[in-house]
Amino acid sequence: MKQQNKWMLAALLVCGAATVLFSCSGKKQQAVADVESEKVETPDYSDKNNWMRQPEITKDVDVFYVYPTEYVDDTEGAPTYADINEKTMREPAQETYQMQATAYEESANVFAPYYRQVNMAVASRMSLKELTAAFDSIPKRDVFAALDYYFEHLNGGRPFILAGHSQGSAMQSLVLAEYMKAHPDYLKRMIAAYVIGFSITEDYLKANPHLKFAERADDTGVIVSWNTEGAANEGKDNLVVLPGAISINPLNWKRDATYASAEENLGGYIYNEKTEQLEVVPHAADAQLNLKRGVVVTTTKAVAPVSYTTVFGPASYHESDYSLYYNNIKANVAARIAAYHEKK
């Protein structure tokens, strides 16, 4: 397993999502071809090949996980969208699953569909209007179709958790705003939505009164979200941190500025480049909310900040939102599931 050199382009993932929360700039290119006129069929999610994970049912709770940006093809004439069978999307998505989605496996059956992502190399040349159309088209269509199949054929009435990171969390924000609004019966069974590495804002919540943000470690039917930074990012631009962003502390699960030391960290799950293995790192990071900026601030030395400072700022830990707090996420998933069952 190796780290993917994709994070600068991945920052573009939500520019122009349907919520239109980011403002971006870039060279204008020809408008994205109308999705309907392309006559591209939605993947058949009855085909197991279109699922990265479709597990045996051993738990009484499911997770529906959507992976972050993986597809980057800057060759001339490269397609706007990845093919559902694109190897250069599928293989790194499987690696990312190991770093992120395994945090849910002790408590839940984890389902993860493949979906046709926008090519980030192409997206970097789009206008905001074009990006809006791109993200609100084929990727969203695929994720919604996978959800349709999941609820109709795989879920079996079990309570569930939504989860993602970065572009995957951008898709989950659309699921929450649109799909769950259209299916309130499903929303009643949602234990939580871990929308990590993507800004959930006060404006988003006001526009979606059927949704609520987590306030503590064991409330249910809520959104759980944060972006991780160092103090040096204060006042700097970070494309995944929006005005009005809100976060919850992934160590003490509070919404105030109470400091949580690294001693409260149950262990990170961090890639060791020397051993080429993911390893548990005790007390990997501390955490404190910057309430004005709406982010989690850490002084960790366990990992380096993202190197693309012009995109994320000088001290962003975007690629480590999961890994720094991995075991605390695992424990919190179990706590919210237990709380959900106690209410029933």
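Above this text is the structure in question.
Presented here is an overview of the structure given in this document.

Rules used throughout
Starting afresh in each chain, residues are numbered from 1 along the sequence in its written order. Only residues with pLDDT of at least 70 get local features here, since the model is predicted, and only at 80 or more are side-chain atom pairs given and counted; chain-wide, interface and lining totals rely on the full set of residues. Side-chain metrics in this entry use all non-hydrogen atoms of the structure; hydrogen atoms and water are not considered. Any Lys or Arg side-chain nitrogen found within 4 Å of a carboxyl oxygen on Asp or Glu counts as a salt bridge. Note on conventions: DSSP H or I runs of at least 4 residues are helices, E runs of at least 2 residues are strands, and numbering of each starts at the N terminus. Exposed residues in this analysis have more than 50% of their type's maximum accessible area, buried residues have under 20%, and partly exposed residues fall in between, with area computed by a 1.4 Å probe over protein chains only. A helix's residues, less one, multiplied by 1.5 Å, set its expected span. Bend is computed residue by residue as the angle between axes fitted to the seven residues ending at the residue and the seven residues starting at it. Note on ring pairs: Phe, Tyr and Trp rings are taken, using the six-membered ring of Trp, and paired if centres are within 6.5 Å. Classes follow the plane angle, with under 30 degrees stacked, over 60 edge-to-face and the rest tilted. We count a charge as sitting over a ring when the NZ of a lysine or the CZ of an arginine lies within 6 Å of the ring centre and within 35 degrees of the ring normal. By this definition, two strands are paired if DSSP reports at least two bridges between them. Every axis corresponds to a line fitted to the C-alpha atoms, with the helix fit spanning only the stretch in contact, and the corresponding angles, defined between N-to-C directions, vary from 0 to 180 degrees. It only takes one pair of heavy atoms within 4.5 Å for two residues to be counted as in contact.

With respect to the pattern of salt bridges
Reasoning step 1: Tallying each qualifying case throughout the model produces 10 salt bridges.
Reasoning step 2: Between D62 and R158 there is a salt bridge, and its shortest N-O distance comes to 2.9 Å. Linking D62 in strand β2 (residues 62-66) with R158 in the loop between α6 (138-154) and β4 (160-165), this pair joins segments that are 96 residues apart in sequence. For the pair D62 and R158, one class covers both residues: buried.
Reasoning step 3: Ionic pairing is found between K87 and E91, a salt bridge with its closest N-O pair at 3.7 Å. In this pair, K87 and E91 are both assigned in helix α3 (residues 87-99), 4 residues apart and thus about one turn of the helix distant.
Reasoning step 4: Taken together, the shared-partner salt bridges in this structure form one network comprising D136, K140 and E178.

Digging into helix α7 (residues 167-182)
Reasoning step 1: In this model α7 runs 22 Å from its N-terminal to its C-terminal C-alpha over 16 residues, within 8% of the 22 Å that 1.5 Å per residue would give.
Reasoning step 2: Helix geometry: α7 is bent most strongly at V175, by close to 35°.
Reasoning step 3: Along α7, 13 of the 16 residues are buried, which leaves the element largely enclosed by surrounding structure.

Some thoughts on the packing of aromatic side chains
Reasoning step 1: Tallied over the entire structure, the rule returns 19 aromatic pairs.
Reasoning step 2: An angle of 75° between the planes, with centres 5.2 Å apart, marks the rings of F151 and F160 as edge-to-face. Judged on exposure class, the residue F151 and its partner F160 are both buried.
Reasoning step 3: Positioned over the ring face of W253 is R336, at 5.7 Å from the centre of the ring.

Here's the deal with the pairing of β4
Reasoning step 1: Most of β4 sits out of view: 6 of its 6 residues are buried.
Reasoning step 2: What you see with β4 is no split at all: F160, L162 and G164 on one side and I161, A163 and H165 on the other are buried throughout.
Reasoning step 3: Bridge count for β4 against strand β5 (residues 190-196) is 6 bridges, and the pairing is parallel. When the sheet's bridge partners are listed, H165 is paired in β5 with I196.

Re the sheet that holds strand β1 (residues 51-53)
Within a sheet, neighbouring strands are paired by backbone hydrogen bonds and run either parallel or antiparallel to one another.
Reasoning step 1: A sheet is described by the order of its strands in space; here 6 strands give the open sequence β1-β3-β2-β4-β5-β7, paired in mixed fashion. Pairing within the sheet leaves two strands with one partner each, and these edge strands are β1 and β7 (222-224). Taking the axes of each pair of neighbouring strands and ignoring which way they run, one obtains an average angle of 20° across the sheet.
Reasoning step 2: As defined by bridge partners, β2 adjoins strand β3 (residues 109-113) across 3 bridges and the pair is classed as parallel. Directly across from D62, in β3, lies its bridge partner N109.
Reasoning step 3: The strands touched by α3 are β1, β2 and β3; relative to β1, the strand with the most contacts, the crossing angle is about 30°.
Reasoning step 4: In the packing of α7 onto the sheet, the strands contacted are β2, β4, β5 and β7, and the crossing angle to β4 comes to about 140°.

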